[in-house]
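# Examination of the molecular architecture
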Amino acid sequence: MSVDSPSLGPAAAPRSRSADPRASGRLPGLDGLRAVAILAVLAFHLDPRWLPGGFLGVDVFFVISGFLITTLLVREHARHGRVDLVGFWTRRARRLLPALLLLVPSVILLARLVEADLLVGIRRQALGALTFTSNWLEIAAGSDYFHSTAPQLLMNLWSLAVEEQFYLVWPLVALLLLRLAPSSRARAGFAVALALGSAVLMASRYDPSLGATRVYYGTDTHLMGLMLGAALAFAWAAPHRAWTSTPAWERARRPALLLAGATLVALFALLDESTAWTFRGGILVASLATTVLVLGVVERPSPLRSVLDRPVLRWVGERSYGLYLWHWPVILIVEADLPWAARSADGYLWSRLWCVVVTVAIADLSYRLLETPVRQRGFRGSARHLLHLIRYAGTRTARAVWAAVAVLAIVLTTVLLTVPTRTSVEQLLDANSAAALPSTTPSPSAPEPSAGASPTAGQKAGPMAQTWAMPTGSEIDGYGDSMMVGSVHALRYYFPGIRLDARSNRQWAEGLSVVTRRGDATRRAVVLALGTNAGTDPERARATLDALGPDRMVVVVTLHGRLNRIASDNAALRELVAGRDNVALADWDAALQGATGQLQSDGMHPSLVGAHLYAKTIRQAFANLSTRHTGTPVTLEELPVP
């Protein structure tokens with residue numbers, strides 16, 4: 001998350017549109033590019049289905065930041081023969097800390113008023129925010145950026161931590177390069193090598209079964225955007241201005257900018273967190289496209305620069321830091337404060353619009369009343385100004401202000417000391433976890449069967465005398481993930497005697513392993529509800545159905561969640577079920593459409609009422625399957641919800 005304005009001097013000079021933006025103190029157009037980045041991130045966090053690859057906006061910020069910071073360092077070294085590191089770090093602190101110090105206590109107190117579940121893990125998150133180590137603390141805690149049962153109030157600050165670590169280390173490296181490297185080409189080459197090394201490290205360390213958070217959060221594995229921006233800055237400082245003075249660039253300029261823009265837009269629209277290519281080249285390509293766009297913006301006046309320098313985009317870009325800081329906590333707090341909004345499409349859209357309005361209002365106030373004054377006056381000057389205002393407001397006002405500060409400090413301390421350690425959803429899953437497992441669970445250390453291989457004779461389900469009658473609970477086995485864990489009591493209410501084998505975050509690979517290990521002991525009817533966190537694995541799902549054989553009644557449950565991949569996951573399940581006469585689909589996702597109060601506060605797991613809808617959806621699927629084979633409609637008794 002880039003926090004720098006496109007200013008290349010100690011103080012911003014008047015806006016210039018000269019052919020060579022290096023002659024002025026500003027680079028027109030970069031605020032607009034930053035606006036595009038924050039709008040992409042905002043759209044992704046409001047609803048990943050709207051812009052699946054919107055999280056790549058962070059990489060756009062990284063490239064801009066790497067370019068601006070390195071350009072500042074190169075210019076200062078060229079003018080003075082040295083770099084004032086203390087002054088550099090002080091300016092970064094003035095830019096970063098004021099809004100951050102306002103954000104952290106404010107959202108903690110607001111969240112406590114609205115929903116205590118939002119404060120789970122907040123002490124670690126606050127420590128990471130204030131020490132710029134959020135990314136590494138969350139990696140150590142096993143957090144998941146893309147799938148989280150417990151929404152993290154300060155989750156978005158991971159990128160701020162990466163940038164601050166860059167601000168601390170890179171000036172030292174850049175200074176060595178400026179003194180020791182013989183040319184701009186060598187300096188740029190070094191930065192490109194670091195970028196490629198980081199991309200290779202991300203690709204090699206990415207493991208789909210473990211999730212993407214480690215490689216996405218890691219400074220070592222997510223350095224490519226910052227380094228490509230730095231490489232461009234070194235090349236831009238050379239007399240050839242990153243080779244833009246050559247005939248080759250003149251011929252390639254327009255096609256290159258069009259291709260870069262189209263590539264970035266396509267990546268925003270098509271990539272998502274479930275695509276392995278995102279982390280095996282996708283982020284690098286997005287960073288390369290952004291690097292080309294940055295060069296096109298700063299190189300000369302152009303239609304692209306004119307569009308990006310429009311007042312509205314410039315306004316958004318100038319406030320992008322505040323927008324980035326506040327948007328995610330605001331989304332979580334509004335969701336918790338307006339749970340009714342998720343019950344209808346109109347209510348959901350209005351709640352999202354409200355999130356945007358609140359975020360923009362706070363970011364604008366922060367920019368005008370806090371961030372800009374501190375940058376202009378410094379910490380000491382701002383503190384003196386504030387004390388002056390309090391002193392001359394009158395004794396009564398001053399006492400009220402200091403009393404309010406003391407009360408808020410006490411309340412904040414109390415909140416931090418008494419935050420819950422588990423969300424209500426996690427507590428429910430913990431309470432149900434033992435009941436969701438059979439008395440004898442197959443050893444998890446047993447080898448996983450190959451998805452393409454047939455189970456051995458001892459594993460594969462043998463022929464059965466299938467009656468296709470509506471199964472009773474004592475004839476049903478359930479294999480599932482946290483959706484099934486959260487619905488244990490409802491499943492046992494509708495299917496007395498059902499045997500469940502479910503645990504949180506179970507994927508299709510483990511489901512296949514558990515099913516094949518049980519072998520012939522599997523009952524005549526089976527429920528499969530797997531893959532909520534990792535998505536549908538068609539190959540292993542198909543192997544699971546093959547292992548169960550054609551003689552068992554099987555119900556496969558669809559997935560639900562505000563994730564872009566849900567539609568494709570469920571489409572894969574429908575394709576999987578098609579043509580298998582013994583398999584029916586329990587469309588949990590469709591059952592939730594238009595229903596209210598069916599989900600927990602996380603918007604994914606069934607509530608106590610929703611668990612009954614979950615079980616009834618499965619029961620209806622079994623009834624449909626029985627009717628399909630027997631020709632006799634099944635009449636289901638309407639049971640009262642306890």
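Residues numbered from 1 in each chain as written. Predicted model: local features only at pLDDT ≥ 70, side-chain atom pairs only at ≥ 80, totals over all residues. Heavy atoms only, no water.

It is worth spelling out the packing of helix α6 (residues 158–180) against helix α9 (residues 224–236) at this point. Relative to each other, α6 and α9 sit at 35 degrees, their axes nearing to 12 Å. The way α6 lies across α9 gives a crossing that is right-handed. On α9, the residues that touch Val162, Phe166, Trp170, Ala174, Leu177 and Leu178 of α6 are Leu226, Met227, Ala230 and Phe234. Of the residues that constitute the contact of α6 with α9, the class distribution is ten nonpolar, no polar and no charged. (Axes fitted to C-alpha atoms, helices over the stretch in contact; angles between N-to-C directions. Helix = DSSP H or I, 4+ residues; strand = E, 2+ residues; numbered from the N terminus. Left-handed = near helix turned anticlockwise from the far one by under 90°. Contact = heavy atoms within 4.5 Å. Nonpolar A, V, L, I, M, F, W, Y, C, P; charged D, E, K, R; others polar.)

What follows is about the pattern of salt bridges. Inspection of every chain in the model, using the stated rule, returns 27 salt bridges. A salt bridge links Arg124 to Glu138; the nearest nitrogen and oxygen atoms lie 3.0 Å apart. Of the two residues, Arg124 sits in helix α4 (residues 122–131) while Glu138 sits in helix α5 (residues 134–140), which places them 14 residues apart along the sequence. Overall, Arg124 belongs to the partly exposed group, its relative accessible area being 28%. Among the residues examined, Glu138 registers a relative accessible area of 4% and is labelled buried. Arg518 is paired through a salt bridge with Asp477; the nearest N and O atoms lie 3.9 Å apart. Taken together, the residues Arg518 in helix α20 (residues 508–518) and Asp477 in strand β1 (residues 476–480) connect sequence positions 41 residues apart. (Salt bridge = Lys/Arg side-chain N within 4 Å of Asp/Glu carboxyl O. Buried < 20%, exposed > 50% of the residue type's maximum accessible area, 1.4 Å probe, protein only.)

So, about the nonpolar core. Counting residues in hydrophobic clusters, the biggest one holds 121 residues, and the most contacted among them are Phe67, Leu153 and Tyr216. Considering every element that reaches this core, the biggest residue donor is helix α2 (residues 57–80), with twelve residues. Other than its neighbours up to four places away in sequence, Phe67 contacts Leu27, Leu30, Gly229, Ala230, Leu232, Ala233, Trp236, Val294 and Val298. (Core = buried A, V, L, I, M, F, W, Y, C linked by side-chain atoms within 4.5 Å.)

Another aspect to go through is the confidence of the model for the chain. Of all residues in the chain, 91% attain a pLDDT of 70 or more, and the chain-wide mean is 87. Contacts for the low-pLDDT stretch residues 9–24, under 50 throughout, to residues beyond four places or in other chains number 38 contacts. (pLDDT = per-residue confidence, 0-100.)

Running from N to C, helix α3 (residues 85–114) and helix α15 (residues 345–391) point in directions that differ by 140 degrees, and their axes come no closer than 9 Å. By the angle between their directions, the pair α3 and α15 is classed as oblique. Note on packing geometry: the crossing formed by α3 with α15 is right-handed. For the pair α3 and α15, the contacting residues are Ala93, Arg94, Arg95, Leu97, Pro98, Ala99 and Leu102 in the first and Ser366, Leu370, Glu371, Val374, Arg375, Gly378 and Phe379 in the second. Of the residues in the contact of α3 with α15, the class split is eight nonpolar, two polar and four charged. (Parallel < 35°, antiparallel > 145°, perpendicular 65-115°, else oblique.)

Our focus in this paragraph is the packing of aromatic side chains. Each pair of aromatic rings is reported with the distance of its centres and the angle of its planes. Considering all chains together, one arrives at 15 aromatic pairs under this definition. With centroids separated by 6.4 Å and ring planes inclined at 75 degrees, the aromatic side chains of Phe61 and Tyr324 adopt a geometry described as edge-to-face. A residue pair is termed long-range when its members are at least 10 positions apart, and Phe61 in helix α2 and Tyr324 in helix α14 (residues 320–337) qualify at 263 residues. Since its relative accessible area comes to 0%, Phe61 is described here as buried. (Phe/Tyr/Trp six-rings, centres within 6.5 Å; stacked < 30°, edge-to-face > 60°.)

On to the pairing of strand β4 (residues 553–557). Extensive coverage of β4 is indicated by the burial of five of its five residues. Residues of β4 alternate between two faces, with Met553, Val555 and Val557 on one and Val554 and Val556 on the opposite face, all of them buried. Looking at chain direction, strand β3 (residues 525–529) and β4 are connected through four bridges and run parallel. When the bridges of β4 are listed, Val526 appears paired with Val554. In this fold, β3 hands off to helix α21 (residues 538–548), which returns the chain to β4; that crossover is right-handed. Pairing between β4 and strand β5 (residues 583–586): four bridges, direction parallel. (Pairing = 2+ DSSP bridges. Right-handed = clockwise from strand over helix to strand, strands pointing away.)

Moving on, we get to the pairing of β3. With respect to burial, β3 is a largely interior element, five of its five residues being buried. The two faces of β3 match: Ala525, Val527 and Ala529 on one face and Val526 and Leu528 on the other face are all buried. Sheet topology places β1 next to β3; five bridges connect them, and they run parallel. In the sheet register, Tyr479 faces β3, and the bridge partner there is Leu528.

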